[in-house]
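Breakdown of the fold
Here are the chains, one letter per residue:
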Amino acid sequence: MTDRVFGENTGHEQVVFCHDPGSVLKAVIAIYSTALGPALGGTRFYPYDSEDTAVEDVLDLSKAMAYKNALAGLDHGGGKAVIIGDPATQKTEALLRAYGRFVQSLGGRYITACDVGTYVEDMDVVARECSFVTGRSPEHGGAGDSSVLTAYGVYQGMRASAEHLWGTPSLRGRRVGVAGVGKVGHLLVDHLVHDEDAEVVITDVSEAMIDRVRLTHPGVEVVADTDALIRADLDVYAPCALGGALNDETVPALTAKIVCGGANNQLAHPGIEKTLQDRGILYAPDYLVNAGGVIQVADEIEGFVFGRAQARAAKIFDTTRRVFAIASEEGVPPAVAADRLAEQRMASSCFPATSDAPAAAPRGSPRPPRGSPGWQKATSCQSDWQKVASCEAGIGRRWPSANPAAVSRRGRCVPTCAPKQVP
Ligand SMILES: NC(=O)c1ccc[n+]([C@@H]2O[C@H](COP(=O)([O-])OP(=O)(O)OC[C@H]3O[C@@H](n4cnc5c(N)ncnc54)[C@H](O)[C@@H]3O)[C@@H](O)[C@H]2O)c1
């Protein structure tokens, strides 16, 4: 495990174990990177079968958030938290508040939000102890359910995929299979039916979820399970349920020419992206197209304005296009092109815009090697941001008035840190 935290090039900035025996809170917060600003990512509440599994998960998830936030153009690094336990039986006000105090103790290096097992009402409770919380309810100044813009972003990614493959972003008349019609999947079906007049085929393990979609869209076709869906005659496959949807069994059986869906971690193992490419299937990377939700909660930090957040989520169309263009130019699968683009932004984020140091490395530039002047600059900027953050925290100022993103902008390349005057 320490290899994964301290490992060269792959390491995390900070991993915090949080234990509150009174409320039985056991949580792990992982900050992969604050190169672009305070780490932003949700809290997963899940009954992990061991502490090791929970740590593995939080390390993977926080790294994925760093890539997602970078590609979404957000001034946020990547972080994530896991609470070990069954949310159905162990979620209490005391536990959520204890968790909030731990997040608060990080002084804004990590900003939390909802994830599997946590909901807007939980974030409202966490926010009673902590300033660094997004994904709250609209009654508490929050943006509410993030699946609204997640689904919208996936829809934009799908349009860009259609344009790349068929020369037009229109999905009219295309057969789109949606696996999982929960919060994200059912809103995606709304876009496909209302905005595109696409033919939609769905599946879900929950009858209630299927009934909800059929009530609004009686013309939608239903198949028995995901296995039947991937074998059905499809133009586009949209995995919107669990991770690992693209694996050694499913990819050879796919009929669709495009895969674009909301589920996280769709590629079951490294190498599957190449199998997709070899089969001529265009894969829109999951963390690129499902970034609408994090864009929504990030906007909340500035005081949520739906139109502004939606405009930013609409840019997923352009970024998806760009990723496909890089993939074609460089002869790599889109998943590799997306990783490169995200890594480039993280690596170049600390360069001041002067003649000897470009604000952003040109496309195709490798990440500065560890130990090189470029690398040192990037890492020292991170610690400068930390200094600014701790100065803010040190004078007892709470952040949501606050705009942590602005602090990160100020702090990113500030050589010294002067305490702020409090009015
Ligand atoms: N909600 C967001 O804002 C958001 C943001 C980014 C990524 N995601 C990802 O999108 C996916 C869906 O998230 P959600 O918020 O809609 O969750 P959800 O729990 O509301 O919906 C998931 C749906 O998938 C169904 N399902 C589960 N197993 C299935 C199976 N084997 N076959 C078919 N259906 C199955 C469930 O019954 C449920 O209806 C997850 O992978 C999540 O991590 C969500």
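Residues numbered from 1 in each chain as written. Predicted model: local features only at pLDDT ≥ 70, side-chain atom pairs only at ≥ 80, totals over all residues.

Secondary structure summary: the protein chain contains 18 helices and twelve strands in total. Buried residues in the protein chain amount to 50% of all 423 residues. Of the contacts made within the protein chain by residues no fewer than 6 positions apart, 68% connect residues no fewer than 24 positions apart. (Helix = DSSP H or I, 4+ residues; strand = E, 2+ residues; numbered from the N terminus. Buried ≥ 20, exposed ≤ 12 C-beta atoms within 10 Å, placed from the backbone. Contact = placed C-beta atoms within 7 Å.)

Below, the discussion takes up the confidence of the model for the protein chain. Across the protein chain, the average pLDDT comes to 84, with 81% of residues at or above 70. Below pLDDT 50 for its whole length, residues 351-423 participates in 89 contacts with residues either more than four positions away or in separate chains. (pLDDT = per-residue confidence, 0-100.)

Gly180, Gly182, Val184, Ala241 and Gly293 are the nearest of the 25 residues found near the ligand. Where the shell around the ligand is concerned, the elements lending two or more residues are helix H6 (147-166) and helix H7 (183-195). Looking at the shell around the ligand residue by residue, the classes come out as nine nonpolar, 14 polar and two charged. (Near = placed C-beta within 6 Å. Nonpolar A, V, L, I, M, F, W, Y, C, P; charged D, E, K, R; others polar.)

What follows concerns the pairing of strand E8 (residues 199-203). Summarising burial for E8: five of the five residues are buried, a large majority. Going residue by residue along E8, you find Glu199, Val201 and Thr203 tucked away on one face and Val200 and Ile202 tucked away on the opposite face as well. After leaving strand E7 (residues 175-179), the chain enters H7 and then returns to the sheet as E8, a path that is right-handed. Summarising the sheet, E8 and strand E9 (residues 221-222) pair through two bridges and their orientation is parallel. For Ile202, the partnering residue across the bridge sits in E9 and is Val222. Crossover connection from E8 via helix H8 (residues 207-216) to parallel E9: handedness right-handed. (Right-handed = clockwise from strand over helix to strand, strands pointing away. Pairing = 2+ DSSP bridges.)

Moving on, we come to the sheet that holds E9. Across the sheet, which stays open at both edges, the six strands sit in the order E9-E8-E7-E10-E11-E12 with parallel pairing between neighbours. The sheet terminates laterally at E9 and strand E12 (282-283), the two strands that pair on one side only. Pairing between E7 and strand E10 (residues 236-239): four bridges, direction parallel. The residue bridging Gly177 from the neighbouring strand is Tyr237, located in E10.

The next point concerns helix H15 (residues 316-330). Relative to the 21 Å expected for 15 residues at 1.5 Å per residue, H15 spans 21 Å between its end C-alpha atoms, a close match to the ideal helical length. Along H15, the positions that sit buried rather than exposed are Ile316, Phe317, Thr319, Thr320, Val323, Phe324 and Ala327. Where the residues of H15 are buried, they touch helix H2 (51-71), H6, helix H12 (286-289), helix H13 (292-301), helix H14 (306-314) and helix H16 (334-348). After H15 finishes, the residue Gly331 shows a positive phi value of roughly 65°. (Expected span 1.5 Å × (residues − 1).)

All right, on to the environment of Gly77 then. With respect to the element layout, Gly77 can be found in strand E5 (residues 77-84). Take Gly77: there are 30 C-beta atoms within 10 Å of it, and that puts it in the buried class. Placed 14 residues apart in sequence, Gly77 and Lys63 show a C-alpha to C-alpha distance of 9.2 Å. Apart from the residues lying within four places of it in its own chain, the contact partners of Gly77 are Ile31, Tyr32, Ser33, Thr34, Ala35, Leu36, Gly37, Pro38, Ala39, Ala66 and Asn69.

Ala27, Val28, Leu71, Tyr99, Val178, Leu188 and Ala238 are the most contacted members of the largest nonpolar core, which has 118 residues in total. For this core, the element with the most residues is H2, which contributes ten residues. Both of domain 1 (2-137) and domain 2 (147-345) provide at least three residues apiece to this core. If we skip the residues at most four places from it in the chain, Ala238 touches Val154, Val176, Gly177, Val178, Ala179, Leu188, Cys260 and Gly261. (Core = buried A, V, L, I, M, F, W, Y, C linked by C-beta atoms within 7 Å. Domains from an automatic or database assignment.)

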